[in-house]
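Descriptive structure summary
Spelled out, the chains give:
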Amino acid sequence: MAINIILLGPPGAGKGTQAQRLIQERGLVQLSTGDMLREARSSGTEMGRRVAEVMDRGELVTDEIVVGLIREKLGQGGKGFIFDGFPRTLAQADALQALMAEMDQRIDAVIELRVDDAALVSRIVKRAEETRAAGQPVRPDDTPEVFADRLREYYKKTAPLLGYYYAKGQLRHVDGMAAMDEVAAQIGAILDKEAGRG
Ligand code: AMP
């Protein structure tokens, strides 16, 4: 029985980190629109160039582009999907619901990673420092200035999804400020409960 979940939360909340664990521990497939868009921007196409400009300003790419990217990947399902950084707008949430219905699938749980905003800024600074120390290129949108814009976009366009999924009875939350293992354990408990419901 496949299980499909959405990880919801502001940038820097740890969605990507938790998604990695779910891939390893449960064999779920991660669908990160941020990763797909970073791939598109490095492709050197006109679309990639436009996407890069929007990302570097910390704004959201159009719904049409991201829904298109997700649609392309949905055929590859196995044990289920972890949607990471998608949906980010109400229109994307509606589009996802329609896509899942087409495949006779559903979203089993939407897990909000609750975090403290002030802590997010220091997390992002730390992420950039660690990346630089490892000799890897730092994401251009991981600067405190762009990060502030990304956070604003989150509150304006993505936070309304909390109400949307709450109203559907699908919203769960974990303490995103807890240690990584503890967050993983809380997510695991939610998934086990959902899986138990069949
Ligand atoms: P992320 O890696 O999820 O933090 O995404 C990095 C950037 O990619 C965001 O700041 C947006 O510019 C863009 N992006 C990622 N996912 C979406 C989405 N679902 N809708 C619109 N833009 C997105």
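See the structure printed just above.
For clarity, every value in this text was computed on a predicted model and none was experimentally measured.

Some details on the overall build of the chain
- When its secondary structure is counted, the chain shows 9 helices and 5 strands.
- Starting at the N terminus and ending at the C terminus, the chain contains elements arranged as β-α-β-α-α-α-β-α-β-α-α-α-β-α.
- Rg of the C-alpha trace for the chain: 16 Å, near the compact-globule value of 16 Å for 198 residues, within the 12% margin.
- C-alpha extents for the chain along the principal axes are approximately 45 × 40 × 30 Å.
- At a minimum sequence separation of 6, the contacts of the chain that also span at least 24 residues come to 75%.
- Taken as a whole, the chain presents about 10,200 Å² of accessible surface, with 52% of it coming from carbon and sulfur.
- Each charge class in the chain was averaged separately, 27 positive and 30 negative side chains, and the resulting centres sit 1 Å apart.

Some details on the packing of aromatic side chains
- Tallying each qualifying case throughout the model produces 4 aromatic pairs.
- Here the aromatic rings of Tyr164 and Tyr165 are separated by 4.8 Å at their centres, their planes lie at 85°, and the arrangement is edge-to-face.
- Overall, Tyr164 belongs to the buried group, its relative accessible area being 17%.
- By way of ring pairs, the aromatic residues Phe81, Phe83 and Phe86 are connected into one cluster.

Points about the site of the ligand
- Surrounding the ligand, one finds 16 residues, the nearest of these being Thr33, Arg38, Glu59, Arg88 and Gln92.
- Note that a nitrogen atom of the ligand is positioned 3.0 Å from one of the backbone N or O atoms of Gly85.
- A total of 480 Å² of accessible area belongs to the ligand in isolation, and the protein chains cover 96% of it.
- Residue contributions to the shell around the ligand peak at 4 residues, all from helix H2 (residues 33–41).
- In terms of residue class, the shell around the ligand is made up of 6 nonpolar, 4 polar and 6 charged.

Some thoughts on the pattern of salt bridges
- Taken as a whole and judged by the stated rule, the model has 19 salt bridges.
- We note a salt bridge from Arg50 to Glu46, for which the minimum N-O separation is 3.8 Å. Of this pair, Arg50 and Glu46 both sit in helix H3 (residues 46–56), 4 residues apart, which is roughly one turn of the helix.
- Exposure remark for Arg50: the relative accessible area of 47% places this residue in the partly exposed category.
- What makes Glu46 partly exposed here is its relative accessible area of 46%.

Criteria and thresholds
- Residues numbered from 1 in each chain as written.
- Predicted model: local features only at pLDDT ≥ 70, side-chain atom pairs only at ≥ 80, totals over all residues.
- Heavy atoms only, no water.
- Helix = DSSP H or I, 4+ residues; strand = E, 2+ residues; numbered from the N terminus.
- Rg over C-alpha atoms; globule rule 2.2 N^0.38 Å.
- Contact = heavy atoms within 4.5 Å.
- Areas by Shrake-Rupley, 256 points an atom, 1.4 Å probe, with all protein chains shown as cover.
- Lys, Arg positive; Asp, Glu negative; His and termini not counted.
- Charge placed at Lys NZ, Arg CZ, Asp CG, Glu CD.
- Phe/Tyr/Trp six-rings, centres within 6.5 Å; stacked < 30°, edge-to-face > 60°.
- Buried < 20%, exposed > 50% of the residue type's maximum accessible area, 1.4 Å probe, protein only.
- Near = heavy atom within 4 Å.
- Polar contact = N/O pair within 3.5 Å; in protein donor to acceptor, adjacent residues only side chain to side chain.
- Nonpolar A, V, L, I, M, F, W, Y, C, P; charged D, E, K, R; others polar.
- Salt bridge = Lys/Arg side-chain N within 4 Å of Asp/Glu carboxyl O.

Honestly, that's just the spatial picture; any functional story needs more than this.
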